[in-house]
Amino acid sequence: MSTEGKMSVKNRARLALNNDFLRSAVRFTTERLRSGKIQASADHGSWDEWRERGRQIRLHTIANLDYYLTQFADNARANGVHVHFADTAEEAVQLSLNIAKQKSAQSVVKSKSMVSEELHLNKALESIGVEAVETDLGEYIIQLADETPSHIIIPAIHKNRYQIADLLSKEAGETLPPDTSILAGFVRNKLREKFLDAEIGMTGCNFAIAETGSMVLFENEGNARMVTTVPKTQITLMGMERIIPSWTDLEVMATLLPRSATGQKLTVYMSGITGPRRDEDGDGPDEMHIIILDNGRSLQLGDPEFQELLNCIRCGACLNACPVYRQIGGHAYGGTYSGPIGAVLTPALKKNVAEWDDIANASSLCGACYEACPVKIPLHDMLVSLRRRKVEAGRGNKLEGLGMKGFAAIMNNSKRYRAVIRLGKIGQKLVARSGEIRLKAGPLKGWNTYRVTPTLPKHSFRDKWPTLEQEIRGGLQNMPSGMEQRLQNIMKDRNKGGGS
Amino acid sequence: MKISLFVTCLSDTLFPRVTESMVRLLARYGLQLEFPELQTCCGQPAYNSGYWDEARASAKTILDAFDDSDFVVSPSGSCTYMVHHYSSLFKDDPVYLQKAELLQKKTYEFSQFLVQVLGVTDVGATFKHKVTYHPSCHGSRLLGVKEEPMELLRSVKGLELVPLPFADDCCGFGGTFAVKMADISGAMVTEKVDHIVETEASVLAGLDMACLMNIAGNLRYRGEKVRVMHLAELLYEGLEEKEVKQA
């Protein structure tokens, strides 16, 4: 189900909201991941310090990205890796296809890569007659269903085991029970042949270490290790921002990433790969390519509001924490990346920003994403910036724009504000019944579909204030002396540069 | 010393009882609040929707109103946090930027003011009800007011505080979000209210009338009897309840 760009986020969300299977599956898994993350970060003991350290590493790397990218590419080349830079998705696809053609590949096995999803690479490979096989269990399921991932790290999060059993039964040609170990066993056997047949193994990249030109993969299934050891040729796809300077920095990332993603202290497998197989190595590819993708990323460099977007380590914690994602899952966001990070990243990476204007509205700006983020990306502020840029570019909703002009005209003058409240009290008589409004029409339609609206009481606070003030002044006692001193001290501290 | 009331447009127009309770409660500590009538709305609806010119027009009334205040106290964590955005909103206006930086330092949310500024964690109230608490996102997450309301609630005699499942999840209000993305917002408030009902509490307390209006609206829509109260109302009513008994 690729819904990219065809429907409004509102309509895609409505589809999701009417899909009970999806909603319960998403809730089930995000709850498990979220509570795992909360537990793991609490167990860690000094999570916030490490988070800040992680943020600093990412800020520093991105601020010096040109330097570290060059260092990484030089070192990787010295290790015997073919390093390619792709400005656009098309270029990256073309580079991948050229390698496949050069190797006369019939089959490519792939470990999970969001960059590959961003490129829609499987379709491209198939178009030149190369079989592309996803070997991450979730990705494999999604591929069978001809869908796109609905979560950064749990691609099939929106499916329950019954739906998965149906899909795999079709593939098996026999009915498989909805038993997770039997289903996983079937996939394991099936994939074993694919690993052995494939000429090319293709991976993503969690981190690229500049100081040694190495790439690091985190995974739980061992499939990435198969992909990087069995086929003769390896292609690694990486976003240009995956770089970190050193192995010391990896320690911080290896602490933050698995805990944030799944609540694990460490993933089952963590592979560091520095170049193709050497003579003394028992296995590994004879030839290794790394394709470094820009595809809109460099547009964020130097943008004070969005540069931090490149700090993302793709853990998915913001999706698991997001109360909107929880209700609608990932496909409703319409792009490759979903959840709060997707709502910002998708328009940021696209040239046709206008077509993606509405995703930034799919957030209540609650800040749960920011709180969950292991590198503290202020996604909630970025969502507001996207909304502001849309308005500034003249793409705002005309009616809303008029409404906001009215808002400003009323709110910049307390007398007008007061007059409007008075008008409101008269106007509401038309629609109010026993102190509430239940009318499901006009601007109240959406709100009142789920709620009742309170009415304006006879007197506003400011109407009551003169009487209230008199009454209180009459009975006022002295402030306790200790309290007065506290207030004085706070004011003193504030003048020294402190404050709330 | 000038301690000013930042009433917020919502509490001014729809929920005057909340601010009145706050004023009466603070008066017990000898605080005569003043109310600058220049103030209207903090500008958040426009700010969050991306209309920053319009937000500035509204925010200026707040900055002008509290120019000479020493402390500003508000019954909303969200509107208090909005003041923290003023320095980016007015970054190109040196006069208002200075006001913004100053106002941020002297503005407090109600429970924050009681606990951090006045040093009060027990107002001496009695409130014999089963209460659950919804921590509003902006107040708790962004302003960092997490422990203050819990301390105040735990000190109330007779009050049985029951934990709200998934308390930290947003209630789905989100300002214009509730209108623009009505179905998503509806799903969120429905889940929030499911959890409130699950607790079997008779009162839901909170610190932000926007969220509480959203939650109360869904409770009423479903015919649920849970009473929704701002913490200031609860504490003040708890003081009166006690005094009525003693009299």
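Residues numbered from 1 in each chain as written. Chains lettered and ligands numbered in written order. Predicted model: local features only at pLDDT ≥ 70, side-chain atom pairs only at ≥ 80, totals over all residues. Heavy atoms only, no water.

- The name given to chain B in an unreviewed UniProt entry is (Fe-S)-binding protein, with Paenibacillus lemnae as the source organism.

- Looking at an unreviewed UniProt entry, one finds chain A named Iron-sulfur cluster-binding protein, with Paenibacillus lemnae as its source organism.

### Some thoughts on unusual backbone geometry
Right, on to step 1. Unlike most non-glycine residues, Arg314 of chain A shows phi in positive territory, near 55°.
Right, on to step 2. Take Arg314 of chain A: it is sitting in the loop between strand S10 (287-293) and helix H13 (317-321).
Right, on to step 3. With a phi close to 70°, Thr8 of chain B is a non-glycine residue in the positive phi region.
Right, on to step 4. Secondary-structure assignment places Thr8 of chain B in the loop between strand S1 (3-5) and helix H1 (9-13). (Helix = DSSP H or I, 4+ residues; strand = E, 2+ residues; numbered from the N terminus.)

### Some thoughts on the environment of Ser78 of chain B
Residue and element names in this part refer to chain B.
Right, on to step 1. Within the secondary structure, Ser78 sits in helix H5 (residues 77-89).
Right, on to step 2. Here Ser78 falls in the buried class, since its relative accessible area comes to 15%.
Right, on to step 3. The spacing of Ser78 and Ser140 is 62 residues in sequence and 9.2 Å in space, taken between C-alpha atoms.
Right, on to step 4. Apart from the residues within four sequence positions on either side, Ser78 is in contact with Gln44, His138, Gly139 and Asp208.
Right, on to step 5. Among the polar contacts made by the side chain of Ser78, one reaches the side chain of Gln44 at a distance of 2.9 Å. (Buried < 20%, exposed > 50% of the residue type's maximum accessible area, 1.4 Å probe, protein only. Contact = heavy atoms within 4.5 Å. Polar contact = N/O pair within 3.5 Å; in protein donor to acceptor, adjacent residues only side chain to side chain.)

### As for the side chain of Lys37 of chain A
Residue and element names in this part refer to chain A.
Right, on to step 1. Along the chain, Lys37 falls in helix H2 (residues 20-44).
Right, on to step 2. The buried charged residue Lys37 lacks any salt bridge, with Glu371 as its nearest oppositely charged partner at 7.4 Å.
Right, on to step 3. Among residues more than four places away in sequence, those in contact with Lys37 are Trp47, Arg259, Ser260, Gly263, Glu371 and Ala372. (Lys, Arg positive; Asp, Glu negative; His and termini not counted. Salt bridge = Lys/Arg side-chain N within 4 Å of Asp/Glu carboxyl O.)

### Considering the sheet that holds strand S11 (residues 432-433) of chain A
All names here are of chain A.
Right, on to step 1. Spatial ordering of the open sheet is given by S11-S12-S13, a layout of three strands whose pairing is antiparallel. The sheet is open, and its two borders are formed by S11 and strand S13 (453-454), each paired with just one other strand.
Right, on to step 2. Relative to strand S12 (residues 436-437), S11 runs antiparallel, the two being bridged by two bridges. Opposite Arg433, over in S12, you have Glu436 as the bridge partner. (Pairing = 2+ DSSP bridges.)

### Things to note about the pairing of S10 of chain A
Residues and elements named next belong to chain A.
Right, on to step 1. Counting buried positions along S10 gives seven out of seven residues, so the element sits mostly inside the fold.
Right, on to step 2. Burial along S10 is two-sided: the residues Glu287, His289, Ile291 and Leu293 and Met288, Ile290 and Ile292 are all buried.
Right, on to step 3. Pairing between strand S7 (residues 233-239) and S10: seven bridges, direction parallel. Across the sheet, the residue bridging to Ile235 is His289, located in S10.

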